[in-house]
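# Overview (structure and organization)
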Amino acid sequence: MSARRSGLLFTYLAFGYAFLYVPIFILMVFSFNESRLVTVWAGFSTKWYGELFRDQQMLDAAWMSLRIAFLTATAATALGTLAGLIMARFGRFRGHHLFAGMITAPLVMPEVITGLSLLLLFVSMEQMLGWPQGRGMTTIWIAHTTFSTAFVAIVIASRLRELDISVEEAAMDLGARPAKVFFVITLPIIAPALLSGWLLAFTLSLDDLVIASFVSGPGSTTLPMVVFSSVRLGVSPKINALATIIIVLVSISILVAGLLLARMDRKKRAPRSTENGDA
Amino acid sequence: MIRKFWQRIRPGHGSVIAIPYLWLLLFFLIPFIIVLKISFAEMQLAMPPFTDLTEYAEERLQFNVNLGNYLYLLTDDLYVSSYFASLKIAFISTVLCLLIGYPMAYAIARSSPAVRTGLLMLIVLPSWTSFLIRVYAWIGILKNNGLINNALMAMGIIDEPLHILHTNFAVYIGIVYAYLPFMILPLYANLVKLDYSLLEAASDLGARPWKTFLTVTLPLTKAGIIAGSMLVFIPAVGEFVIPELLGGPETLMIGKVLWQEFFNNRDWPVASAVAIVMLLLLVVPMVLFHHYQNKELE
């Protein structure tokens, strides 16, 4: 590539990143603004953070969202790992087309459709089976787990597909049963993908507004729902403060996870003289 | 061989397939059948707010299939123009994402492996933070006394604020901003696997850069282009948050219409019919996406 062209590409890239990051940066800066006006600078202040932490409704919603996200991530990682294993290793079985379709469709399905359809399911189930009684945390958890499972399955399946299957074959030749091969060989190798899948499901659940609005009930208001009703009324520096906290926390966890994954990767490549697998 | 081995699980332990399969059937597929059913019902003031399709009385099983909701969608101008407007907005946004995203993905794919991971991380990072908050960020920038208008007025370029927020233009900005990472990732995955010696060969044989791009690079990255475009287009058609927060009264998008039908008018049958028609419009893009997504994974 000529120097002139790579210079051009570099400039283009710089503009692209500016487009992605300048709005976020502005949002964070104005969370420290003294004035209520989010767009006119009136001096440094942290008072909006104080107000945020005195907002009981916001805190309750955040606690609710975090609990749902934790449960969702855990369930979606379990289901998604099974689904990913099936997609990458089971080949063709009866109904595999439908199965693959049910994994890819949630990735792109408009949220209003998913939300409406799940609500109608829950209402019909309540009519026929008497469960779930009303809607709340459980129904949000089920809805979030369903669409997050698809994302986790894709992460796991693409990891399994690039994996060297000779290790699994070796274990199989030595007479290990499928369940043992999975837990002793496959699972440890895909551990980094499990971690990324869990984090992805966690953030997907924490971020969802539309689906949760459909399937929530009284007393189960999540953080995005509170933020949305506040944002509809106009900009507020308190939301900027909340945004700043979320962005900082997410960036730190991504960084930590990234470093952790890099370390796991290195460890895997290092010679395993101490592991009994060599015996 | 390994496939056979994993398949051996099936007879005894069919549950490995059964657990995720049943979960997705129950919570993903069956709900659509219920939406289809309720789209043929009538609204009533009760809980649940729709009529039953079947009625059994005096030894007669009666089916009450009401096509009224679909006729209503066809005859009321609001719905037809909302569908068209949504398809148009989603299409233009997808093209814009492609035009912005392709060179970015190309530049990242051609950078040295040492910085590549970091650059890619920086693309993904915003989408891990809140979608809602990233859309919200644009309100402060675009509104009448927002940053852009304040800056332009301070420089004396304009005398009165430009009306940007609550227009379709703001919706385009919002969609492109929110969905750009989803375009870049599949494009990058394709471009990074590209055999660049092919490009050198083409240029050695005298092809101009533009021609090399059109005849070599572009066809080889078709899968990424289609996967990325569908990843933007399909959710954008049904987008609710962006038209609600950045769009104005003239922004008719079908996701917003469905939301209002459900939450404001409480007409569940019409909302279901709106969802079914939207799904029908999206069947072809979804099949395309499914095809190229699976290709990507193989």
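I will try to describe carefully the structure that is included in this document.

Reading the values: rules and limits
Residues numbered from 1 in each chain as written. Chains lettered and ligands numbered in written order. Predicted model: local features only at pLDDT ≥ 70, side-chain atom pairs only at ≥ 80, totals over all residues. Heavy atoms only, no water. Helix = DSSP H or I, 4+ residues; strand = E, 2+ residues; numbered from the N terminus. Buried < 20%, exposed > 50% of the residue type's maximum accessible area, 1.4 Å probe, protein only. Contact = heavy atoms within 4.5 Å. Buried area = accessible area lost by both parts, 1.4 Å probe. Salt bridge = Lys/Arg side-chain N within 4 Å of Asp/Glu carboxyl O. Polar contact = N/O pair within 3.5 Å; in protein donor to acceptor, adjacent residues only side chain to side chain. Nonpolar A, V, L, I, M, F, W, Y, C, P; charged D, E, K, R; others polar.

Turning to its location among the elements, Ser229 of chain B is positioned in helix α12 (residues 222-237). With a relative accessible area of 10%, Ser229 of chain B lands in the buried category.

Most peptide bonds are trans, and most residues other than glycine sit at a negative phi. Cis peptide bonds are those with omega within 30 degrees of zero, and the linkage from Trp131 of chain A to Pro132 of chain A qualifies with -5°. With respect to the element layout, Pro132 of chain A can be found in the loop between α5 (111-129) and α6 (137-161). Of note, the phi angle at His166 of chain B is positive, near 65°, even though the residue is not glycine. Inspection of the secondary structure puts His166 of chain B in the loop between α8 (147-154) and α9 (168-193). Of note, the phi angle at Arg266 of chain B is positive, near 55°, even though the residue is not glycine. With respect to the helices and strands, Arg266 of chain B occurs in the loop between α14 (254-263) and α15 (268-297).

Glancing now at the interface of chain B and chain A. With 93 residues of chain B at the contact, the number on the chain A side is 99 residues. Buried surface at the junction of chain B and chain A, summed over both partners, amounts to about 9,100 Å²; 81% is from carbon and sulfur atoms. Inspection of the chain B/chain A interface yields one salt bridge. The partner of Glu244 of chain B in a salt bridge is Arg232 of chain A, and the shortest N-O contact between them spans 3.1 Å. Inspection of the region where chain B meets chain A yields 13 residue pairs in polar contact (both at pLDDT 80 or more). Among the elements that take part in the side of chain B that touches chain A, helix α3 (residues 15-38) of chain B stands out by supplying 18 residues, more than any other. Taken together, the residues that form the side of chain B that touches chain A break down as 72 nonpolar, 13 polar and eight charged.

One pass over the full model with this rule turns up five salt bridges over all chains. Glu162 of chain A is paired through a salt bridge with Arg159 of chain A; the nearest N and O atoms lie 3.1 Å apart.

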